[in-house]
Amino acid sequence: MSKRSIEIWVGVFVSAGIAALIMIAMQVSNLSSMSTGNTYQVKAVFENIGSLNVRSPIKASGVLVGRVSDISYDDQHYAATVTLSIKSHVKFPKDTSASIYTAGLLGEQYIGLTPGADEEYLAEGDTIMFADAAIILEKLVGQMMLNKLSD
Amino acid sequence: MTSVLRVIADLMSNVGQSGLHFFARVGRSIQFLLTLFRALPSLLPRPDLIIKQLYSVGVMTIVIVLVSGAFVGLVLGLQGYNVLVRFNSESSLGTMVGLSLIRELGPVITALLFAGRAGSSLTAELGLMKATEQFSSMEMMAVDPFKRVIAPRFIAGIISMPLLAAIFSAVGILGGYFVGVGLLGVDAGAFWSQMQNSVDFYEDFMNGVWKSIAFGFTSTWIALYQGYDAVPTAEGVSRATTQGVVNASLVVLALNFIITALTLETN
C-alpha cells in the first residue's frame, strides 16, 4: 500500500464521516428548522398553557411562522406569559388573537394565530390582546358530565 | 474448627489478591494514560503518523460498520413498523428509527464493532511488538514508543469513532427509510418530518457525538493498554487481545448506561 493511496483512503473516510454528520444534522435533527432567521418578539398572556413548551411551533393557517421562545409565570396577574418569536417578514394586525391548539388527539401543542382586521401591525414588544387558554381535556369531560347530569 | 477458619482465611486471601490485582491494573492503566497524554504534543509536527493509523483504525473498519449499520436500520424499520402499525402510528417510524440510532444504537454498536475490529488489532500489534522487544529497541535508539507508536494510534481511534458512528447512523436511517417507505408504504414526507420534529440538534445529535467520542477514547485506551501491558509470550498476547475486546465492550455498555442516565431528560 503506497503512501499516496493510504492518504486517499483516509481522505475518503474522513469526508464520508463528515458528510454523514452533516446529513444527520441537517436532514434528521431539527437544526435546519431551528434557524428561523430574524424574528420579532411578541408577548401573550394565557390563563393556562397546557403542555406548551419553549420551541413549540407558532402557526397561522397551519403554516409555521415562528416558535415560542420563553414561558414564565406572572404572579401579578396569576397567568402565564408566553414570548412568541415570529419571523420578521410575517406581519400580523394588532388585534390578532392567539389560541393554544393540539395537533391531533395526542400530538404536541402549538399556538395558532388568527389575524384580525386592524390597520396597524404588531411590533417588537407588543402584547397580543386576545389569548385563549389551552383546552384541558379533564375540564371538558367534567363539563360534559355536568351537562349530562343536569339534563 | 481451625480447618474452617483456614478455609475462610484462604477464601478471603483469594478475594483480596484478586482485588489488589485489579486495582494494580487500574492504576497502571491510568499511569499509562498519563504518559500517553504527555506524549500527545509531540504529534503536532508529525500528522503523517496519525494519517497512517487513521487508515488501519478507521478506513479498515468502514466496511463492517456500513454493512451492520444497513442491517440494523433494516431490522429497526421492520420491527418498528410492526409495533407502530398496531397503534395506527406508523408515520412515527422515522422518529423511532432516528432517535434510537442517533442516541443509542449508533454510538454503542459502532463502539462494539470498533473494539472487535480495530481494538483487537491494536492490542495484538502492540502485544507482538512487546513480545519481540521492539519497544526496548526503540528506547535504545532514543525513540519514545509512546510518541512514535502509541499516541498516533490513540488519536486515530478518537478521531475515527465519531465518524464511524455517524456513518453507521446515516446508513441505518437510510436502511430504515428503505424498509419503511420503500417496502411497507409509510409516507416519505411523514417519515422525515416526524424525525426532524422529534430529533433535537443539541439534545440528541450532539449527545450521540459526545457519546461516540467518549467510547472511542475508552475503547482505544483499553485496547492500547492491554497490548502494552501484555505478558510478552504468544499466550499472553492472545489473552490480552481477548481481554481487551471483552473489557472494552463491557466498559462501553456500562458507560453508555451512565451517560444516558445522566443526560436523558425525564422531565
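Quick notes on the rules
Residues numbered from 1 in each chain as written. Chains lettered and ligands numbered in written order. Predicted model: local features only at pLDDT ≥ 70, side-chain atom pairs only at ≥ 80, totals over all residues. Heavy atoms only, no water. Helix = DSSP H or I, 4+ residues; strand = E, 2+ residues; numbered from the N terminus. Buried < 20%, exposed > 50% of the residue type's maximum accessible area, 1.4 Å probe, protein only. Contact = heavy atoms within 4.5 Å. Areas by Shrake-Rupley, 256 points an atom, 1.4 Å probe, with all protein chains shown as cover. Lys, Arg positive; Asp, Glu negative; His and termini not counted. Charge placed at Lys NZ, Arg CZ, Asp CG, Glu CD. pLDDT = per-residue confidence, 0-100. Pairing = 2+ DSSP bridges. Domains from an automatic or database assignment. Buried area = accessible area lost by both parts, 1.4 Å probe. Salt bridge = Lys/Arg side-chain N within 4 Å of Asp/Glu carboxyl O. Polar contact = N/O pair within 3.5 Å; in protein donor to acceptor, adjacent residues only side chain to side chain. Phe/Tyr/Trp six-rings, centres within 6.5 Å; stacked < 30°, edge-to-face > 60°. Lys NZ or Arg CZ within 6 Å of the ring centre and 35° of its normal.

## Overview of the overall build of chain B
Here comes step 1: In terms of regular secondary structure, chain B is built from eight helices and zero strands.
Here comes step 2: Its helices and strands in sequence order give chain B the pattern α-α-α-α-α-α-α-α, from N to C terminus.
Here comes step 3: Expressed along its principal axes, the backbone C-alpha trace of chain B runs to roughly 65 × 65 × 35 Å.
Here comes step 4: A total of 267 residues make up chain B; the buried ones form 46% of that total.
Here comes step 5: Within chain B, contacts between residues separated by at least 24 positions form 84% of all contacts whose residues are at least 6 apart in sequence.
Here comes step 6: A total of about 13300 Å² of accessible surface is found on chain B, and carbon and sulfur atoms cover 69% of it.

## Quick word on the overall build of chain A
Here comes step 1: Looking only at helices and strands, one finds three helices and eight strands in chain A.
Here comes step 2: When the helices and strands of chain A are placed in sequence order, the string is α-α-β-β-β-β-β-β-β-β-α.
Here comes step 3: By its C-alpha atoms, chain A is 90 × 45 × 30 Å across when sized along the principal axes.
Here comes step 4: Considering chain A as a whole, with its 151 residues, one finds that 34% of them fall into the buried category.
Here comes step 5: The long-range fraction of contacts in chain A, counting pairs at least 24 apart against all pairs at least 6 apart in sequence, stands at 62%.
Here comes step 6: Accessible area of chain A: about 9200 Å², with a carbon and sulfur share of 59%.
Here comes step 7: Of the charged side chains in chain A, 11 are positive and 15 negative, and the gap between their average positions amounts to 15 Å.

## Quick notes on the confidence of the model for chain A
Here comes step 1: Scored by pLDDT, chain A has a mean of 83; 91% of the residues are at 70 or more.
Here comes step 2: Of all helices and strands in chain A, the one with the weakest mean pLDDT is helix 2 (residues 31-34) of chain A (58), whereas strand 4 (residues 79-87) of chain A scores best (89).

## Re the sheet that holds strand 7 (residues 127-128) of chain A
Residue and element names in this part refer to chain A.
Here comes step 1: With mixed pairing, eight strands are arranged side by side in an open sheet as 7-1-4-3-2-6-5-8. Only two strands of the sheet have a single partner each, and these edge strands are strand 7 and strand 8 (130-132).
Here comes step 2: Of the pairings in the sheet, the one linking strand 1 (residues 39-46) to strand 4 comprises eight bridges and is antiparallel in character. Each bridged residue has a counterpart across the sheet, and for Thr 39 the counterpart in strand 4 is Lys 87.

## A look at the pairing of strand 2 (residues 57-60) of chain A
All names here are of chain A.
Here comes step 1: Pairing of strand 2 with strand 3 (residues 63-74) involves four bridges; the strand directions are antiparallel. Opposite Ala 60, over in strand 3, you have Val 63 as the bridge partner.
Here comes step 2: As consecutive antiparallel partners, strand 2 and strand 3 are separated by two residues, and within that stretch Ser 61 has a phi angle of approximately 50°, a positive value.
Here comes step 3: In this structure, strand 2 lies alongside strand 6 (residues 109-114), joined through three bridges in parallel fashion. Its bridge partner being in strand 6, Lys 59 is matched across the sheet by Gly 112.

## Describing the domain arrangement of chain A
Here comes step 1: Segmenting chain A into domains produces domain 1 (1-35) and domain 2 (37-138).
Here comes step 2: Using C-alpha coordinates to define each centre, domain 1 of chain A is positioned 39 Å away from domain 2 of chain A.

## Things to note about the interface of chain B and chain A
Here comes step 1: Contacts between the two partners involve 26 residues from chain B and, on the opposite side, 23 residues from chain A.
Here comes step 2: In total, about 2300 Å² of surface goes out of reach between chain B and chain A, with carbon and sulfur atoms giving 81% of it.
Here comes step 3: Its largest share of buried area at the contact with chain A, chain B owes to B:Tyr55, B:Leu163 and B:Gln196, together 26% of the area lost on that side.
Here comes step 4: Summed over the shared surface of chain B and chain A, the result is zero salt bridges.
Here comes step 5: The interface formed by chain B and chain A includes zero residue pairs in polar contact (both at pLDDT 80 or more).
Here comes step 6: The set of elements that each furnish at least two residues to the side of chain B that touches chain A consists of helix 2 (47-84), helix 5 (145-183), helix 6 (188-198) and helix 7 (201-228) of chain B.

## Some remarks on the packing of aromatic side chains
Here comes step 1: Scanning the entire structure with this criterion turns up 16 aromatic pairs over all chains.
Here comes step 2: Each ring, one from B:Phe32 and one from B:Phe146, has its centre 5.5 Å from the other, and the planes form 55°; the classification is tilted. Taken as a pair, B:Phe32 in helix 1 (residues 2-39) and B:Phe146 in helix 5 lie far apart in primary sequence, 114 residues in all. The same class applies to B:Phe32 as to B:Phe146, namely buried.
Here comes step 3: With centroids separated by 5.3 Å and ring planes inclined at 90°, the aromatic side chains of B:Phe191 and B:Trp192 adopt a geometry described as edge-to-face. With respect to class, B:Phe191 is no different from B:Trp192; both count as buried.
Here comes step 4: An aromatic cluster of three or more residues is present, and its members are B:Phe32, B:Phe135, B:Phe146, B:Tyr225 and B:Tyr228.
Here comes step 5: Over the face of the ring belonging to A:Tyr110 we find A:Lys59, whose NZ or CZ atom lies 4.8 Å from the ring centre.

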